[in-house]
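For reference, the chains in residue letters:
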Amino acid sequence: MTQSHARAGAGLLEVEVGAVAHGGFCVARHAGQVVFVRHALPGERVLARVTEERKGFLRADAVEILLPSPDRVIPPCPFAGPGACGGCDWQHASWEAQRRLKGQVLVEQLRRLGGLSDISDISVMPLPGGPLSWRTRVQYAVDGEGRAGFHPHRSSDVIPIDRCRIAHPAVQALPITDREWPPGSTVEAAASSAGDTAILPRANRTGPPSGPVPQIRERAAGHEWRLAAGGFWQVHPHAVEAFTATVLEQLAPEAAERAWDLYGGAGVFAAALAPHCGPVTVVEADARAVAAGRRALRDLTNVTFARGDVAQVLANPRWRRVDLVVLDPPRSGAGRAVVEAIAARSPRAVSYVACDPAAFARDVRTFGELGYDLTAVRAYDSFPMTMHFETIGLLTPR
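Let us look at the structure shown here. Just so we're clear, the structure is a prediction, and the values are computed from it rather than from any experiment. (Residues numbered from 1 in each chain as written. Predicted model: local features only at pLDDT ≥ 70, side-chain atom pairs only at ≥ 80, totals over all residues. Heavy atoms only, no water.)

**Topic: the pairing of strand S21 (residues 372-381)**
It is a general feature of regular strands that their side chains alternate between the two faces of the sheet.
Reasoning step 1: As paired elements, strand S8 (residues 124-126) and S21 share three bridges and run parallel to each other. Bridge pairing in S21 places proline 126 opposite aspartate 381.
Reasoning step 2: For S21 and strand S22 (residues 390-397), the ladder comprises eight bridges, and the chain directions are antiparallel. Looking at S22, one finds that tyrosine 372 is bridged to proline 397. (Pairing = 2+ DSSP bridges. Helix = DSSP H or I, 4+ residues; strand = E, 2+ residues; numbered from the N terminus.)

What follows is the structure in structure tokens.
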């Protein structure tokens, strides 16, 4: 990477863009200072406008492309770009390039945070359907004039839109962007695998829905769940099938083996495991998810639910024996206490389902310190056009 310089009189930095970084940025340098540049691609020369100055680094948007990458494309959404909607990070990259960049991010995180210096290239696999029209859960912000839209990156402003190009067609068809909402509120839209749709107005981003909470049906692993429309479910319509198949392949359950489904939600992985092994215990803190799971899986007599915080549940000494573990923590990861509690039970295999590569890498390092190696990795582009993706890693005792 060559030294960059400021273009005189323009108030912009002219930089050569280097490697991709976790977070939807690429890394450049100006006068020895790191610059995290959005809307750029590795190898490009761009004019970048600084959007934030922090101690030790800058954030910037590429506002003019002087030397484009061959991976650059015209964004399919007119609301994508510097200062516009912040929901998508990579609309300016071809879908193949997006997946390649995500694979590079995963490898870098596993090397730097996971301590795996010998990790090789990892391919991020596409899911069916292409990079648009996939998202089945969308949350809209409402501006001061009652118009629905999205926030720019790292901003509380609202960009009104006509429709979201990555939203599922059933979500795009809902009457949200063509009507007025209470200023400052939010509106959540949901579409399900069973064909249900719902609109959930909220007074603010974190508040409860205004009015009755509708339910929607989701189908997977031969079962049907009835869930609150705002409850958790994978937002890509093909994600559940791909993830459950991968977990089954990695764990290869046998008839008498005991399994844990940790942070198990409504028990989707438990439903997939139950026909192939012995007792399966789902540990989940959310009461609504546990109730939905118990209703949906009442025919599976070898599945039980334990409601509670995973770390607290596993701290109970009666949880002594387990052969297989599905570990599907929130974005922050499982953390040392949970990893130690799992390793102390000496499971034969752990299938770790991760939505954040940095948290995954940190937990992989902890597993490594406790005698478990990362022996297989499968990654899916379950969030096309964004920086996000899913990683499923197999950890086995060395």
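**Some details on the packing of aromatic side chains**
Reasoning step 1: Counted under the stated rule, the structure contains nine aromatic pairs.
Reasoning step 2: Ring geometry for phenylalanine 36 and phenylalanine 57: centres 5.5 Å apart, planes at 70°, overall edge-to-face. Taken together, the residues span a long stretch of sequence, with phenylalanine 36 in strand S5 (residues 33-38) and phenylalanine 57 in strand S7 (residues 57-67) at a distance of 21 residues.
Reasoning step 3: Judged by relative accessible area, phenylalanine 36 falls into the partly exposed class, the value being 23%.
Reasoning step 4: With a centroid separation of 5.7 Å and an interplanar angle of 45°, the aromatic rings of phenylalanine 243 and tyrosine 380 are classed as tilted. One end of the pair, phenylalanine 243, is in helix H3 (residues 239-251); the other, tyrosine 380, is in strand S21, and 137 residues separate them in sequence.
Reasoning step 5: Given the relative accessible area of 1%, phenylalanine 243 is considered buried.
Reasoning step 6: By relative accessible area, which is 6% here, tyrosine 380 ends up buried.
Reasoning step 7: Following the ring pairs from residue to residue traces out a cluster consisting of Phe25, Phe36 and Phe57.
Reasoning step 8: One Lys or Arg, arginine 38, reaches over the ring of phenylalanine 25 and ends 5.9 Å from the middle of that ring.
Reasoning step 9: Above the ring of tryptophan 95, the side-chain terminus of arginine 99 is found at 4.8 Å from the ring centroid. (Phe/Tyr/Trp six-rings, centres within 6.5 Å; stacked < 30°, edge-to-face > 60°. Buried < 20%, exposed > 50% of the residue type's maximum accessible area, 1.4 Å probe, protein only. Lys NZ or Arg CZ within 6 Å of the ring centre and 35° of its normal.)

**What to know about the nonpolar core**
Reasoning step 1: Grouped together as the largest cluster of nonpolar side chains are 58 residues, with contacts concentrated most on Leu110, Leu262, Leu314, Leu327, Ile342 and Phe367.
Reasoning step 2: Counting residues per element, this core draws most heavily on helix H1 (residues 95-112), at six residues.
Reasoning step 3: Apart from residues no more than four positions distant in its own chain, leucine 110 is found in contact with Gly115, Leu116, Ile119, Ile122, Phe360, Ala361, Val364 and Leu374.
Reasoning step 4: Grouped together as the second largest cluster of nonpolar side chains are 36 residues, Ala259, Ala271, Val282 and Phe305 included. (Core = buried A, V, L, I, M, F, W, Y, C linked by side-chain atoms within 4.5 Å. Contact = heavy atoms within 4.5 Å.)

**Looking at the side chain of aspartate 89**
Reasoning step 1: Counting through the fold element by element, aspartate 89 comes out in the loop between S7 and H1.
Reasoning step 2: When its relative accessible area of 7% is taken as the criterion, aspartate 89 is described as buried.
Reasoning step 3: A distance of 2.9 Å separates polar atoms of two side chains, one belonging to aspartate 89 and the other to arginine 38.
Reasoning step 4: A polar side-chain atom of aspartate 89 sits 2.6 Å from the main-chain amide nitrogen of methionine 387.
Reasoning step 5: Those residues within four positions of aspartate 89 in sequence are excluded, and the remaining contacts are Gly23, Gly24, Arg38, Met385, Thr386 and Met387. (Polar contact = N/O pair within 3.5 Å; in protein donor to acceptor, adjacent residues only side chain to side chain.)

**A look at the sheet that holds strand S18 (residues 303-307)**
Reasoning step 1: Spatially, S8-S21-S22-S20-S19-S16-S17-S18 is the arrangement adopted by the eight strands of the open sheet, whose pairing is mixed. Edge strands, defined here as strands with exactly one partner in the open sheet, are S8 and S18. Within this sheet the neighbouring strands show an average axis-to-axis angle of 20°, counted without direction.
Reasoning step 2: The sheet contact formed by strand S19 (residues 324-327) and strand S20 (residues 349-354) spans four bridges and is parallel. Within S20, the residue paired with leucine 324 across the bridge is alanine 349.
Reasoning step 3: Sheet strands in contact with helix H8 (residues 357-369) are S19, S20, S21 and S22, and its direction is about 160° off that of S20. (Axes fitted to C-alpha atoms, helices over the stretch in contact; angles between N-to-C directions.)

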